[in-house]
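As a plain string of letters, each chain reads:
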Amino acid sequence: MSDRCAAKLSPEPSTPGIREPLVTVNDLPADVLLLVFCAVRDTESHCTPWALASVCHTWRELVENVSSFWTRLVIWVDEPNGPLPLARIRKYLACSRELPIDIFISRRREWQPPMGTDHEEKARVKAIMDVLAPHMKRWRSLLLRLLHSDSLPLPRIDLVGHADKLKILSLDSIIDDSAASDEAASPITGEFHTPELTELFMKGVHFREVYVKPCLQMSQFPPPPTLQSICISKYESHHPPFPLVDLLLCLLHCVMTHLRLADLALDCSYTGPPILETTYTRLGSVAFFDITGNVLAEFHRLLSHPVFAKVSYTRCSKDDNAILGASYSLDIEGITDAMTLLKLLLSAVRSPHLCYEVSFKDCDGLSSEVMKPLSRPFATPHGEQWPACPYIKALTFQGCKRFHSSALRSLLQARYDAHAASGSVGEDEPGFMVSAVKELYVTDCCELAQEDLEWFDRHVAVVRWDDWTGGYDRRS
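Treat the numbers as computed from the prediction; the structure is a model and nothing was measured.

### With respect to the overall build of the protein chain
Along the protein chain, the regular secondary structure elements total 13 helices and 19 strands. A total of 476 residues make up the protein chain; the buried ones form 47% of that total. Intrachain contacts of the protein chain at a sequence separation of at least 6 include 74% that bridge at least 24 residues. Surface accessibility of the protein chain: about 23,700 Å² in total, with carbon and sulfur atoms responsible for 53%.

See below:
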(Lines give C-alpha, C1' and ligand atoms only; values in the text may rest on other atoms or scores of the structure.)
Protein backbone atom coordinates (compact mmCIF):
# COMPACT_ATOMS: atom_id res chain seq x y z
CA MET A 1 0.00 0.00 0.00
CA SER A 2 1.34 3.45 -0.89
CA ASP A 3 2.42 6.01 1.75
CA ARG A 4 -0.40 8.31 0.61
CA CYS A 5 -3.04 5.60 1.12
CA ALA A 6 -1.52 4.54 4.46
CA ALA A 7 -1.60 8.15 5.65
CA LYS A 8 -5.26 8.51 4.78
CA LEU A 9 -6.23 5.21 6.34
CA SER A 10 -4.21 5.84 9.51
CA PRO A 11 -4.39 9.60 10.10
CA GLU A 12 -2.69 11.43 12.92
CA PRO A 13 -4.84 12.52 15.87
CA SER A 14 -7.28 15.14 14.66
CA THR A 15 -7.02 18.78 15.69
CA PRO A 16 -10.02 19.95 17.73
CA GLY A 17 -12.49 21.87 15.58
CA ILE A 18 -10.98 20.68 12.26
CA ARG A 19 -12.89 18.00 10.31
CA GLU A 20 -10.66 15.36 8.74
CA PRO A 21 -11.34 14.32 5.10
CA LEU A 22 -13.44 11.13 4.69
CA VAL A 23 -11.43 8.07 3.64
CA THR A 24 -13.24 5.72 1.19
CA VAL A 25 -12.44 2.53 -0.68
CA ASN A 26 -11.74 4.64 -3.78
CA ASP A 27 -8.63 5.95 -2.02
CA LEU A 28 -7.06 2.53 -2.43
CA PRO A 29 -4.49 2.20 -5.22
CA ALA A 30 -5.94 0.83 -8.45
CA ASP A 31 -4.01 -2.46 -8.20
CA VAL A 32 -5.31 -3.07 -4.68
CA LEU A 33 -8.88 -2.23 -5.70
CA LEU A 34 -8.59 -4.69 -8.56
CA LEU A 35 -7.53 -7.40 -6.13
CA VAL A 36 -10.68 -6.68 -4.12
CA PHE A 37 -12.80 -6.93 -7.27
CA CYS A 38 -11.18 -10.26 -8.18
CA ALA A 39 -11.89 -11.64 -4.71
CA VAL A 40 -15.53 -10.55 -4.95
CA ARG A 41 -15.88 -12.09 -8.42
CA ASP A 42 -14.41 -15.42 -7.28
CA THR A 43 -16.52 -15.73 -4.12
CA GLU A 44 -19.82 -14.08 -5.10
CA SER A 45 -21.30 -15.78 -8.15
CA HIS A 46 -24.10 -13.20 -8.44
CA CYS A 47 -21.71 -10.25 -8.57
CA THR A 48 -21.26 -9.31 -12.23
CA PRO A 49 -18.77 -6.84 -13.68
CA TRP A 50 -21.79 -4.83 -14.80
CA ALA A 51 -22.82 -4.43 -11.15
CA LEU A 52 -19.34 -3.20 -10.22
CA ALA A 53 -19.17 -0.85 -13.20
CA SER A 54 -22.51 0.71 -12.24
CA VAL A 55 -21.28 1.96 -8.85
CA CYS A 56 -19.32 4.99 -10.03
CA HIS A 57 -17.19 6.35 -12.85
CA THR A 58 -13.94 5.26 -11.16
CA TRP A 59 -15.07 1.68 -10.81
CA ARG A 60 -16.48 1.57 -14.34
CA GLU A 61 -13.24 2.81 -15.86
CA LEU A 62 -11.23 0.31 -13.84
CA VAL A 63 -13.42 -2.72 -14.56
CA GLU A 64 -13.83 -2.01 -18.27
CA ASN A 65 -10.07 -2.17 -18.71
CA VAL A 66 -9.83 -5.73 -17.36
CA SER A 67 -11.06 -8.02 -20.13
CA SER A 68 -11.03 -11.19 -18.00
CA PHE A 69 -13.91 -9.79 -15.92
CA TRP A 70 -16.24 -9.95 -18.94
CA THR A 71 -15.75 -13.50 -20.24
CA ARG A 72 -18.77 -15.08 -18.51
CA LEU A 73 -22.11 -13.99 -19.96
CA VAL A 74 -25.23 -14.89 -18.01
CA ILE A 75 -28.27 -13.89 -20.07
CA TRP A 76 -31.84 -14.18 -18.79
CA VAL A 77 -34.45 -14.54 -21.53
CA ASP A 78 -37.45 -13.85 -19.31
CA GLU A 79 -36.63 -10.49 -17.73
CA PRO A 80 -39.97 -9.24 -16.34
CA ASN A 81 -38.83 -5.61 -16.05
CA GLY A 82 -38.20 -4.64 -19.64
CA PRO A 83 -36.81 -5.63 -23.04
CA LEU A 84 -33.76 -7.79 -23.54
CA PRO A 85 -30.53 -5.97 -22.63
CA LEU A 86 -28.86 -6.45 -26.03
CA ALA A 87 -26.75 -3.35 -25.44
CA ARG A 88 -25.43 -4.93 -22.27
CA ILE A 89 -24.51 -8.11 -24.16
CA ARG A 90 -22.62 -6.03 -26.71
CA LYS A 91 -20.81 -4.31 -23.83
CA TYR A 92 -19.68 -7.67 -22.45
CA LEU A 93 -18.47 -8.75 -25.88
CA ALA A 94 -16.56 -5.52 -26.40
CA CYS A 95 -14.94 -5.51 -22.96
CA SER A 96 -13.90 -9.18 -23.18
CA ARG A 97 -11.96 -8.29 -26.34
CA GLU A 98 -10.53 -11.43 -27.94
CA LEU A 99 -10.67 -13.75 -24.91
CA PRO A 100 -12.66 -17.02 -25.00
CA ILE A 101 -16.16 -16.56 -23.56
CA ASP A 102 -18.58 -18.78 -21.65
CA ILE A 103 -22.28 -18.17 -22.39
CA PHE A 104 -25.22 -19.22 -20.24
CA ILE A 105 -28.71 -18.39 -21.52
CA SER A 106 -31.53 -19.33 -19.20
CA ARG A 107 -34.81 -18.47 -17.53
CA ARG A 108 -35.06 -17.10 -14.02
CA ARG A 109 -36.52 -19.75 -11.73
CA GLU A 110 -38.52 -17.27 -9.71
CA TRP A 111 -40.44 -16.00 -12.75
CA GLN A 112 -42.43 -18.24 -15.06
CA PRO A 113 -44.93 -17.14 -17.73
CA PRO A 114 -48.64 -17.86 -17.15
CA MET A 115 -50.10 -21.16 -18.33
CA GLY A 116 -46.62 -22.61 -18.88
CA THR A 117 -46.12 -20.99 -22.30
CA ASP A 118 -44.01 -18.16 -23.63
CA HIS A 119 -44.82 -17.30 -27.23
CA GLU A 120 -42.07 -14.68 -27.48
CA GLU A 121 -39.22 -16.84 -26.18
CA LYS A 122 -38.02 -18.06 -29.58
CA ALA A 123 -37.82 -14.52 -30.98
CA ARG A 124 -35.91 -13.26 -27.94
CA VAL A 125 -33.43 -16.13 -28.15
CA LYS A 126 -32.88 -15.48 -31.86
CA ALA A 127 -32.15 -11.81 -31.14
CA ILE A 128 -29.57 -12.84 -28.55
CA MET A 129 -27.92 -15.37 -30.86
CA ASP A 130 -27.73 -12.77 -33.66
CA VAL A 131 -25.61 -10.61 -31.34
CA LEU A 132 -23.44 -13.53 -30.23
CA ALA A 133 -22.94 -15.16 -33.65
CA PRO A 134 -20.17 -12.81 -34.92
CA HIS A 135 -18.12 -13.88 -31.88
CA MET A 136 -18.61 -17.62 -32.49
CA LYS A 137 -14.88 -18.19 -32.84
CA ARG A 138 -14.48 -17.19 -29.18
CA TRP A 139 -17.21 -19.43 -27.72
CA ARG A 140 -15.77 -21.81 -25.13
CA SER A 141 -19.07 -23.07 -23.72
CA LEU A 142 -22.66 -22.46 -24.79
CA LEU A 143 -25.37 -23.58 -22.37
CA LEU A 144 -29.07 -22.93 -22.88
CA ARG A 145 -31.89 -23.80 -20.48
CA LEU A 146 -35.18 -22.55 -21.96
CA LEU A 147 -38.87 -23.24 -21.54
CA HIS A 148 -39.62 -24.57 -25.04
CA SER A 149 -37.38 -26.96 -26.94
CA ASP A 150 -38.60 -25.28 -30.13
CA SER A 151 -36.74 -22.11 -29.00
CA LEU A 152 -33.34 -23.82 -28.93
CA PRO A 153 -30.85 -22.93 -31.69
CA LEU A 154 -29.67 -26.12 -33.37
CA PRO A 155 -26.24 -27.00 -34.78
CA ARG A 156 -26.12 -27.11 -38.59
CA ILE A 157 -29.51 -25.40 -38.81
CA ASP A 158 -29.31 -22.24 -36.70
CA LEU A 159 -25.67 -22.56 -35.60
CA VAL A 160 -23.47 -22.57 -38.69
CA GLY A 161 -19.83 -21.58 -38.85
CA HIS A 162 -16.55 -22.08 -37.01
CA ALA A 163 -16.70 -22.45 -33.23
CA ASP A 164 -13.13 -23.67 -33.01
CA LYS A 165 -12.78 -23.15 -29.24
CA LEU A 166 -16.16 -24.60 -28.21
CA LYS A 167 -15.76 -27.43 -25.69
CA ILE A 168 -19.22 -27.69 -24.09
CA LEU A 169 -22.60 -27.43 -25.82
CA SER A 170 -25.80 -27.95 -23.81
CA LEU A 171 -29.23 -27.38 -25.36
CA ASP A 172 -31.93 -28.09 -22.80
CA SER A 173 -35.55 -27.10 -22.18
CA ILE A 174 -38.29 -27.61 -19.63
CA ILE A 175 -40.96 -28.50 -22.22
CA ASP A 176 -40.18 -30.87 -25.11
CA ASP A 177 -42.43 -29.47 -27.84
CA SER A 178 -40.25 -29.96 -30.93
CA ALA A 179 -41.63 -32.13 -33.71
CA ALA A 180 -39.54 -34.86 -35.29
CA SER A 181 -39.57 -35.11 -39.07
CA ASP A 182 -40.25 -38.36 -40.91
CA GLU A 183 -38.62 -37.09 -44.09
CA ALA A 184 -35.44 -38.73 -45.30
CA ALA A 185 -33.32 -35.58 -45.28
CA SER A 186 -32.78 -33.18 -42.40
CA PRO A 187 -33.00 -29.41 -42.93
CA ILE A 188 -29.22 -28.96 -42.71
CA THR A 189 -28.07 -25.52 -43.84
CA GLY A 190 -24.33 -25.88 -43.25
CA GLU A 191 -21.65 -27.31 -41.03
CA PHE A 192 -21.03 -26.26 -37.43
CA HIS A 193 -17.29 -26.75 -37.02
CA THR A 194 -16.42 -27.71 -33.42
CA PRO A 195 -13.02 -29.44 -33.51
CA GLU A 196 -12.59 -29.23 -29.71
CA LEU A 197 -16.12 -30.16 -28.62
CA THR A 198 -15.93 -32.77 -25.85
CA GLU A 199 -19.31 -32.46 -24.04
CA LEU A 200 -22.74 -32.45 -25.70
CA PHE A 201 -26.24 -32.40 -24.17
CA MET A 202 -29.21 -32.50 -26.56
CA LYS A 203 -32.82 -33.57 -26.82
CA GLY A 204 -33.40 -36.83 -28.66
CA VAL A 205 -35.49 -35.14 -31.36
CA HIS A 206 -32.74 -32.65 -32.11
CA PHE A 207 -29.91 -35.19 -32.01
CA ARG A 208 -31.77 -37.38 -34.54
CA GLU A 209 -32.38 -34.45 -36.89
CA VAL A 210 -28.92 -32.86 -36.90
CA TYR A 211 -26.60 -35.82 -36.33
CA VAL A 212 -28.19 -39.26 -36.86
CA LYS A 213 -30.16 -38.67 -40.06
CA PRO A 214 -27.39 -36.75 -41.92
CA CYS A 215 -24.78 -39.26 -40.80
CA LEU A 216 -26.69 -42.35 -41.96
CA GLN A 217 -28.83 -41.10 -44.84
CA MET A 218 -26.65 -38.42 -46.40
CA SER A 219 -23.31 -40.14 -45.70
CA GLN A 220 -21.94 -36.88 -44.34
CA PHE A 221 -21.98 -34.65 -41.28
CA PRO A 222 -21.16 -37.25 -38.60
CA PRO A 223 -21.01 -35.95 -35.02
CA PRO A 224 -17.68 -34.44 -33.90
CA PRO A 225 -15.22 -37.30 -33.33
CA THR A 226 -13.81 -35.49 -30.29
CA LEU A 227 -17.02 -36.01 -28.28
CA GLN A 228 -16.30 -37.79 -25.00
CA SER A 229 -19.35 -37.04 -22.86
CA ILE A 230 -22.76 -37.31 -24.56
CA CYS A 231 -26.21 -36.94 -23.01
CA ILE A 232 -29.32 -37.55 -25.12
CA SER A 233 -32.68 -37.13 -23.43
CA LYS A 234 -36.36 -37.36 -24.23
CA TYR A 235 -37.73 -38.95 -27.37
CA GLU A 236 -41.43 -39.74 -27.02
CA SER A 237 -43.31 -42.57 -28.67
CA HIS A 238 -45.58 -40.29 -30.73
CA HIS A 239 -42.59 -39.20 -32.83
CA PRO A 240 -41.56 -41.17 -35.94
CA PRO A 241 -39.66 -44.39 -35.14
CA PHE A 242 -36.10 -43.76 -33.97
CA PRO A 243 -34.15 -47.03 -34.46
CA LEU A 244 -31.70 -47.77 -31.67
CA VAL A 245 -29.33 -49.30 -34.20
CA ASP A 246 -29.18 -45.96 -36.07
CA LEU A 247 -28.38 -44.10 -32.87
CA LEU A 248 -25.53 -46.45 -31.99
CA LEU A 249 -24.08 -46.44 -35.52
CA CYS A 250 -23.96 -42.65 -35.31
CA LEU A 251 -22.39 -42.64 -31.83
CA LEU A 252 -19.61 -44.98 -32.92
CA HIS A 253 -18.03 -42.04 -34.73
CA CYS A 254 -17.22 -40.46 -31.33
CA VAL A 255 -14.77 -41.24 -28.57
CA MET A 256 -17.80 -41.64 -26.27
CA THR A 257 -16.10 -42.05 -22.90
CA HIS A 258 -19.31 -41.21 -21.02
CA LEU A 259 -22.78 -41.85 -22.45
CA ARG A 260 -26.11 -40.94 -20.83
CA LEU A 261 -29.45 -41.97 -22.34
CA ALA A 262 -32.60 -40.67 -20.64
CA ASP A 263 -36.28 -41.30 -21.37
CA LEU A 264 -35.86 -42.42 -24.99
CA ALA A 265 -38.62 -44.41 -26.72
CA LEU A 266 -36.41 -46.14 -29.27
CA ASP A 267 -37.36 -48.61 -32.00
CA CYS A 268 -35.87 -52.09 -31.47
CA SER A 269 -37.34 -53.80 -34.54
CA TYR A 270 -33.93 -54.42 -36.11
CA THR A 271 -33.13 -58.15 -35.90
CA GLY A 272 -29.83 -58.26 -37.73
CA PRO A 273 -26.43 -59.11 -36.26
CA PRO A 274 -24.60 -56.89 -33.76
CA ILE A 275 -23.01 -53.81 -35.24
CA LEU A 276 -19.70 -54.84 -33.65
CA GLU A 277 -18.17 -58.27 -34.01
CA THR A 278 -16.23 -58.23 -30.76
CA THR A 279 -16.77 -56.87 -27.27
CA TYR A 280 -16.74 -53.09 -27.33
CA THR A 281 -14.66 -51.69 -24.47
CA ARG A 282 -14.19 -48.05 -25.50
CA LEU A 283 -16.91 -46.70 -23.21
CA GLY A 284 -15.81 -45.65 -19.76
CA SER A 285 -19.34 -45.43 -18.40
CA VAL A 286 -22.96 -45.52 -19.51
CA ALA A 287 -26.01 -44.32 -17.58
CA PHE A 288 -29.61 -45.28 -18.38
CA PHE A 289 -32.51 -43.20 -17.04
CA ASP A 290 -36.13 -44.32 -17.53
CA ILE A 291 -35.18 -46.81 -20.25
CA THR A 292 -37.34 -49.86 -20.96
CA GLY A 293 -36.06 -53.41 -20.71
CA ASN A 294 -36.22 -54.16 -24.45
CA VAL A 295 -34.04 -51.13 -25.20
CA LEU A 296 -31.53 -52.16 -22.52
CA ALA A 297 -31.27 -55.69 -23.92
CA GLU A 298 -30.93 -54.52 -27.52
CA PHE A 299 -28.36 -51.86 -26.61
CA HIS A 300 -26.05 -54.47 -25.09
CA ARG A 301 -26.70 -57.01 -27.85
CA LEU A 302 -25.88 -54.57 -30.65
CA LEU A 303 -22.55 -53.77 -28.98
CA SER A 304 -21.75 -57.47 -28.47
CA HIS A 305 -22.30 -57.27 -24.71
CA PRO A 306 -19.62 -54.73 -23.91
CA VAL A 307 -17.58 -54.25 -20.75
CA PHE A 308 -17.83 -50.81 -19.11
CA ALA A 309 -16.00 -49.20 -16.27
CA LYS A 310 -19.37 -48.23 -14.80
CA VAL A 311 -23.05 -48.79 -15.60
CA SER A 312 -25.99 -46.99 -13.96
CA TYR A 313 -29.66 -47.96 -14.15
CA THR A 314 -32.12 -45.38 -12.81
CA ARG A 315 -35.88 -46.09 -12.85
CA CYS A 316 -35.38 -48.63 -15.64
CA SER A 317 -37.46 -51.73 -16.34
CA LYS A 318 -36.40 -55.27 -17.24
CA ASP A 319 -39.00 -57.85 -18.14
CA ASP A 320 -36.86 -60.66 -19.54
CA ASN A 321 -33.66 -62.53 -18.77
CA ALA A 322 -31.59 -61.08 -21.60
CA ILE A 323 -27.90 -60.77 -20.82
CA LEU A 324 -26.63 -57.24 -20.29
CA GLY A 325 -23.12 -55.93 -20.64
CA ALA A 326 -20.76 -56.26 -17.71
CA SER A 327 -19.08 -53.54 -15.69
CA TYR A 328 -16.59 -53.07 -12.90
CA SER A 329 -19.00 -50.77 -11.05
CA LEU A 330 -22.80 -50.99 -11.01
CA ASP A 331 -25.25 -48.34 -9.72
CA ILE A 332 -28.96 -49.08 -9.36
CA GLU A 333 -31.37 -46.28 -8.38
CA GLY A 334 -35.10 -45.83 -8.05
CA ILE A 335 -36.04 -49.46 -8.86
CA THR A 336 -39.33 -50.19 -7.10
CA ASP A 337 -40.05 -53.66 -8.52
CA ALA A 338 -38.31 -56.64 -6.89
CA MET A 339 -38.20 -58.79 -10.06
CA THR A 340 -36.69 -55.95 -12.09
CA LEU A 341 -34.01 -55.55 -9.45
CA LEU A 342 -33.24 -59.27 -9.39
CA LYS A 343 -33.03 -59.50 -13.17
CA LEU A 344 -30.64 -56.53 -13.34
CA LEU A 345 -28.37 -58.23 -10.83
CA LEU A 346 -28.65 -61.74 -12.27
CA SER A 347 -27.91 -60.54 -15.80
CA ALA A 348 -24.24 -60.35 -14.87
CA VAL A 349 -23.97 -63.93 -13.61
CA ARG A 350 -23.22 -65.41 -17.05
CA SER A 351 -20.62 -62.77 -17.78
CA PRO A 352 -16.96 -63.70 -17.27
CA HIS A 353 -16.12 -60.14 -16.33
CA LEU A 354 -15.85 -58.63 -12.89
CA CYS A 355 -18.14 -56.33 -10.93
CA TYR A 356 -16.31 -55.06 -7.86
CA GLU A 357 -18.64 -52.31 -6.62
CA VAL A 358 -22.45 -52.21 -6.44
CA SER A 359 -24.57 -49.39 -5.04
CA PHE A 360 -28.32 -49.13 -4.45
CA LYS A 361 -30.14 -45.83 -3.95
CA ASP A 362 -33.84 -45.33 -3.17
CA CYS A 363 -34.70 -48.87 -4.29
CA ASP A 364 -37.99 -50.04 -2.74
CA GLY A 365 -37.56 -53.27 -4.69
CA LEU A 366 -34.62 -54.19 -2.48
CA SER A 367 -36.29 -56.07 0.38
CA SER A 368 -35.17 -58.73 2.82
CA GLU A 369 -36.96 -61.32 0.66
CA VAL A 370 -34.97 -60.28 -2.41
CA MET A 371 -31.72 -60.79 -0.51
CA LYS A 372 -32.52 -64.42 0.32
CA PRO A 373 -32.00 -65.93 -3.16
CA LEU A 374 -28.79 -63.91 -3.44
CA SER A 375 -27.44 -65.59 -0.27
CA ARG A 376 -26.86 -69.10 -1.65
CA PRO A 377 -25.28 -70.64 -4.77
CA PHE A 378 -27.24 -72.61 -7.34
CA ALA A 379 -26.36 -75.68 -9.37
CA THR A 380 -25.21 -75.39 -13.00
CA PRO A 381 -23.83 -78.00 -15.45
CA HIS A 382 -20.38 -76.71 -14.50
CA GLY A 383 -20.93 -76.92 -10.76
CA GLU A 384 -22.24 -74.48 -8.19
CA GLN A 385 -22.25 -70.84 -9.09
CA TRP A 386 -23.02 -67.73 -7.09
CA PRO A 387 -26.26 -66.08 -8.28
CA ALA A 388 -25.12 -62.48 -8.75
CA CYS A 389 -21.89 -60.51 -8.94
CA PRO A 390 -19.54 -63.03 -7.26
CA TYR A 391 -16.63 -60.59 -7.30
CA ILE A 392 -18.17 -57.78 -5.22
CA LYS A 393 -15.73 -56.12 -2.83
CA ALA A 394 -17.78 -53.01 -1.91
CA LEU A 395 -21.51 -52.49 -1.29
CA THR A 396 -23.35 -49.19 -0.82
CA PHE A 397 -26.97 -48.69 0.25
CA GLN A 398 -28.69 -45.30 0.45
CA GLY A 399 -32.37 -44.65 1.17
CA CYS A 400 -33.37 -48.32 0.76
CA LYS A 401 -35.84 -48.87 3.61
CA ARG A 402 -37.36 -52.30 2.93
CA PHE A 403 -34.66 -54.62 4.22
CA HIS A 404 -33.46 -55.47 7.71
CA SER A 405 -29.87 -55.47 8.88
CA SER A 406 -30.20 -59.21 9.63
CA ALA A 407 -30.98 -59.96 5.97
CA LEU A 408 -27.94 -58.01 4.82
CA ARG A 409 -25.76 -59.75 7.40
CA SER A 410 -27.02 -63.16 6.20
CA LEU A 411 -26.10 -62.22 2.63
CA LEU A 412 -22.60 -61.09 3.56
CA GLN A 413 -22.09 -64.00 5.96
CA ALA A 414 -23.01 -66.55 3.28
CA ARG A 415 -20.46 -65.01 0.94
CA TYR A 416 -17.86 -64.85 3.71
CA ASP A 417 -18.34 -68.51 4.66
CA ALA A 418 -18.23 -69.70 1.02
CA HIS A 419 -15.06 -67.70 0.43
CA ALA A 420 -13.44 -69.17 3.54
CA ALA A 421 -14.54 -72.72 2.56
CA SER A 422 -12.72 -72.33 -0.77
CA GLY A 423 -9.51 -71.58 1.10
CA SER A 424 -9.91 -67.82 0.52
CA VAL A 425 -8.59 -68.24 -3.01
CA GLY A 426 -8.34 -65.20 -5.23
CA GLU A 427 -10.61 -64.52 -8.18
CA ASP A 428 -7.99 -65.68 -10.68
CA GLU A 429 -7.20 -68.93 -8.85
CA PRO A 430 -8.73 -72.39 -9.36
CA GLY A 431 -11.61 -73.14 -7.04
CA PHE A 432 -12.80 -69.56 -6.72
CA MET A 433 -16.56 -69.20 -6.17
CA VAL A 434 -17.26 -65.90 -4.45
CA SER A 435 -15.35 -63.09 -2.75
CA ALA A 436 -15.98 -61.70 0.71
CA VAL A 437 -17.27 -58.13 0.90
CA LYS A 438 -14.56 -55.81 2.24
CA GLU A 439 -16.40 -52.48 2.38
CA LEU A 440 -19.98 -51.71 3.44
CA TYR A 441 -21.64 -48.28 3.44
CA VAL A 442 -25.25 -47.83 4.59
CA THR A 443 -27.06 -44.49 4.87
CA ASP A 444 -30.69 -43.74 5.75
CA CYS A 445 -31.93 -47.32 5.37
CA CYS A 446 -32.84 -49.30 8.49
CA GLU A 447 -31.81 -49.75 12.10
CA LEU A 448 -28.63 -51.71 12.74
CA ALA A 449 -29.25 -54.51 15.23
CA GLN A 450 -26.54 -55.03 17.84
CA GLU A 451 -25.77 -58.64 16.86
CA ASP A 452 -25.42 -57.59 13.21
CA LEU A 453 -23.18 -54.68 14.18
CA GLU A 454 -20.89 -57.07 16.02
CA TRP A 455 -20.65 -59.43 13.03
CA PHE A 456 -19.91 -56.59 10.58
CA ASP A 457 -17.30 -55.20 12.95
CA ARG A 458 -15.44 -58.53 13.02
CA HIS A 459 -15.80 -59.71 9.42
CA VAL A 460 -15.88 -56.62 7.17
CA ALA A 461 -12.80 -54.45 6.74
CA VAL A 462 -14.56 -51.05 6.66
CA VAL A 463 -18.17 -50.37 7.70
CA ARG A 464 -20.04 -47.09 7.84
CA TRP A 465 -23.67 -47.36 8.91
CA ASP A 466 -25.14 -43.90 9.36
CA ASP A 467 -23.17 -42.41 12.28
CA TRP A 468 -21.40 -45.64 13.23
CA THR A 469 -18.00 -46.58 11.81
CA GLY A 470 -16.49 -50.02 12.35
CA GLY A 471 -14.71 -52.92 10.72
CA TYR A 472 -11.52 -54.76 11.47
CA ASP A 473 -9.47 -52.39 9.29
CA ARG A 474 -11.32 -49.12 10.04
CA ARG A 475 -8.15 -47.05 10.37
CA SER A 476 -7.38 -47.47 6.66
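### Considerations on the packing of aromatic side chains
By the definition in use, this model includes 13 aromatic pairs. With centroids separated by 5.1 Å and ring planes inclined at 65°, the aromatic side chains of Y235 and F242 adopt a geometry described as edge-to-face. We note that Y235, like F242, is buried. Centre to centre, the rings of Y416 and W455 are 6.0 Å apart; their planes meet at 80°, and the pair counts as edge-to-face. Here Y416 is found in helix α12 (residues 405-421), whereas its partner W455 is found in helix α13 (residues 450-459), with 39 residues between them in sequence. Judged by relative accessible area, Y416 falls into the partly exposed class, the value being 31%. If you follow R208 out to its NZ or CZ, it ends over the ring of F242, 6.0 Å from the centre. Sitting over the face of the ring of F289, R260 holds its NZ or CZ atom 4.1 Å from the ring centroid.

### Things to note about the pattern of salt bridges
Per the stated rule, a full pass over the model turns up 24 salt bridges. One salt bridge in this structure joins R140 and D102, with 2.7 Å as the shortest N-O distance. Here R140 is found in strand β3 (residues 139-148), whereas its partner D102 is found in strand β2 (residues 101-106), with 38 residues between them in sequence. The salt bridge partner of R124 is D118, with a shortest N-O separation of 2.4 Å. Several salt bridges converge on common partners, so that one network encompasses D78, R107, D118, E121 and R124.

### Structural notes on empty space enclosed by the protein
Taken as a whole and judged by the stated rule, the model has three cavities of 30 Å³ or more. For the largest cavity, the calculated volume is near 160 Å³. If you trace the largest cavity, you find 14 residues lining it, with L345, L374, I392, L395 and L411 closest to the centre. Only β13 (357-361), β16 (394-398) and α12 provide two or more residues apiece to the lining of the largest cavity. Here the residues of the lining of the largest cavity sort into 13 nonpolar, no polar and one charged.

### Some points on the packing of helix α8 (residues 244-251) against helix α9 (residues 293-302)
One can describe the packing of α8 onto α9 by two numbers: an axis separation of 10 Å at closest approach and a directional angle of 45°. Classified by the interaxial angle, the pair formed by α8 and α9 is oblique. Between α8 and α9 lies a crossing of right-handed hand. Residue-level contacts link L244, V245 and L248 of α8 to V295, E298, F299 and L302 of α9. Of the residues belonging to the contact of α8 with α9, the class tally is six nonpolar, no polar and one charged.

Rules and cut-offs
- By convention here, each chain's residues receive numbers from 1 onward along its written sequence.
- Local features in this predicted model are restricted to residues whose pLDDT is 70 or higher, and side-chain atom pairs enter the listing and the counts only when it is 80 or higher, whereas totals over whole chains, interfaces and linings include all residues.
- Hydrogens and water molecules were not included; the side-chain quantities draw on all heavy atoms of the structure.
- Runs of H or I in DSSP of at least four residues are treated as helices and runs of E of at least two as strands, each being numbered from the N terminus.
- Each residue is assigned to one of three classes by its accessible area relative to the maximum for its type, calculated with a 1.4 Å probe on protein chains only: buried under 20%, partly exposed between the two thresholds, exposed over 50%.
- Two residues form a contact once any of their heavy atoms are found within 4.5 Å.
- Exposure was quantified through the Shrake-Rupley algorithm and a 1.4 Å probe, taking into account, for residues, occlusion by the shown protein chains and nothing else.
- For Phe, Tyr and Trp, rings pair up if their centres lie within 6.5 Å, where Trp contributes its six-membered ring, and each pair is then called stacked (planes under 30 degrees apart), edge-to-face (over 60) or tilted (otherwise).
- Distance and angle both matter: a charge sits over a ring if NZ of Lys or CZ of Arg is within 6 Å of the ring centre and within 35 degrees of the ring normal.
- One speaks of a salt bridge when a side-chain nitrogen belonging to Lys or Arg is within 4 Å of a carboxyl oxygen belonging to Asp or Glu.
- Grid points spaced at 1 Å over the protein atoms alone were grouped into cavities, where a 1.4 Å probe fits but cannot get out, and pockets, open sets with protein on both sides within 12 Å along at least five of seven lines, with lining residues defined by an atom within 4 Å of a point.
- Grid points are joined across faces, edges and corners, and a volume is the space filled by probe spheres set on the points.
- Charged means Asp, Glu, Lys or Arg here, nonpolar means Ala, Val, Leu, Ile, Met, Phe, Trp, Tyr, Cys or Pro, and polar covers whatever is left, Gly included.
- Note on geometry: axes are C-alpha line fits, over the in-contact stretch for helices, and angles between N-to-C directions span 0 to 180 degrees.
- If an angle is under 35 degrees, it is roughly parallel; if it is over 145, roughly antiparallel; if it lies from 65 to 115, roughly perpendicular; otherwise it is oblique.
- For a crossing to be left-handed, the near helix must be turned anticlockwise from the far one by less than a right angle; the clockwise case is right-handed.

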